[in-house]
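# Inside the fold
The residues making up each chain are set out below.
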Amino acid sequence: MPTPDELRSDLAAAREEFKSALSLVGPGWEKTGEGTGEDAWSARQTAEHAIPVEAFFTTTICTTCGYPGVDEVKGSYASPAEAATHMDEVAEMCNKKLKYVSAEDLEKKHERFGTAGELLAMNAHHLRDHAAQMRTAAGV
């Protein structure tokens, strides 16, 4: 299993990939994807989902480890730049909690979502998945 620092580093890299996708969508911000459900979301809709889920993941990890999480986050973004700014703010808020996750905490189990370590990895995967989705929907 990766260490807490490795998982936090991977999450930071996933956040950068997400922000990179935001920087690429430009005029495709409102263009919807093909398909149904999440596949049909525009880059905007995807960002408005993924950024608040950062806080959800952090709170779930924290409560799994036995300490309080972060405040719920809502997001509505007029532009990719606005979403990127809010992503930075949410990441900073989450990092203030996630920095306390220890190697022992990684093995603690949530009743629905696996271990704290798996949740950290899932958060990074979630961001990467939605970064790819934004690029596809925007046609970049």
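Let me sum up the structure you'll find in this document. (Residues numbered from 1 in each chain as written. Predicted model: local features only at pLDDT ≥ 70, side-chain atom pairs only at ≥ 80, totals over all residues. Heavy atoms only, no water.)

With that settled, consider the overall build of the protein chain. Summing up its helical and strand segments, the protein chain has four helices and two strands in all. For the protein chain, the α and β elements follow one another from N to C terminus as α-α-α-β-β-α. Computed over the C-alpha atoms, the radius of gyration of the protein chain is 15 Å, within 12% of the 14 Å expected from 2.2 N^0.38 for a compact globule of 140 residues. A principal-axis box enclosing the C-alpha atoms of the protein chain has dimensions of 45 × 25 × 25 Å. Here the protein chain, with 140 residues, has 44% of them falling under the buried criterion. Long-range pairs, those at least 24 residues apart, make up 73% of the contacts in the protein chain with a sequence separation of at least 6. Carbon and sulfur atoms provide 52% of the accessible area of the protein chain, an area that totals close to 7,100 Å². In the protein chain, 14 positive and 23 negative side-chain charges are present, and the distance between their average locations comes to 3 Å. (Helix = DSSP H or I, 4+ residues; strand = E, 2+ residues; numbered from the N terminus. Rg over C-alpha atoms; globule rule 2.2 N^0.38 Å. Buried < 20%, exposed > 50% of the residue type's maximum accessible area, 1.4 Å probe, protein only. Contact = heavy atoms within 4.5 Å. Areas by Shrake-Rupley, 256 points an atom, 1.4 Å probe, with all protein chains shown as cover. Lys, Arg positive; Asp, Glu negative; His and termini not counted. Charge placed at Lys NZ, Arg CZ, Asp CG, Glu CD.)

This structure, assessed with the given rule, holds 11 salt bridges. Between Asp88 and Lys19 there is a salt bridge, with its nearest N and O atoms 2.7 Å apart. Placement of Asp88 in helix α3 (residues 80-98) and of Lys19 in helix α1 (residues 4-25) is noted, with a sequence separation of 69 residues between them. The partner of Arg44 in a salt bridge is Glu30, and the shortest N-O contact between them spans 2.7 Å. (Salt bridge = Lys/Arg side-chain N within 4 Å of Asp/Glu carboxyl O.)

Axis separation between helix α2 (residues 43-65) and α3 bottoms out at 10 Å; the angle between their running directions is 5°. Relative to α3, α2 is oriented roughly parallel. Judged by residue contacts, Ala47, Ile51, Glu54, Ala55, Thr58, Ile61 and Cys62 of α2 engage Ala83, His86, Met87, Val90, Met93, Cys94, Lys97 and Leu98 from α3. Its residues placed into classes, the contact of α2 with α3 shows 11 nonpolar, two polar and two charged. (Axes fitted to C-alpha atoms, helices over the stretch in contact; angles between N-to-C directions. Parallel < 35°, antiparallel > 145°, perpendicular 65-115°, else oblique. Nonpolar A, V, L, I, M, F, W, Y, C, P; charged D, E, K, R; others polar.)

Let us look at the environment of Pro2. By secondary structure assignment, the location of Pro2 is in the segment before α1. Separated by 101 residues in the primary sequence, Pro2 and Ala103 place their C-alpha atoms 9.0 Å from one another.

Let us now look at the side chain of Asp105. Inspection of the secondary structure assignment puts Asp105 in the loop between α3 and β1 (109-110). Discounting chain neighbours no more than four positions away, the residues touching Asp105 are Cys65, Tyr67, Tyr100 and Ala116.

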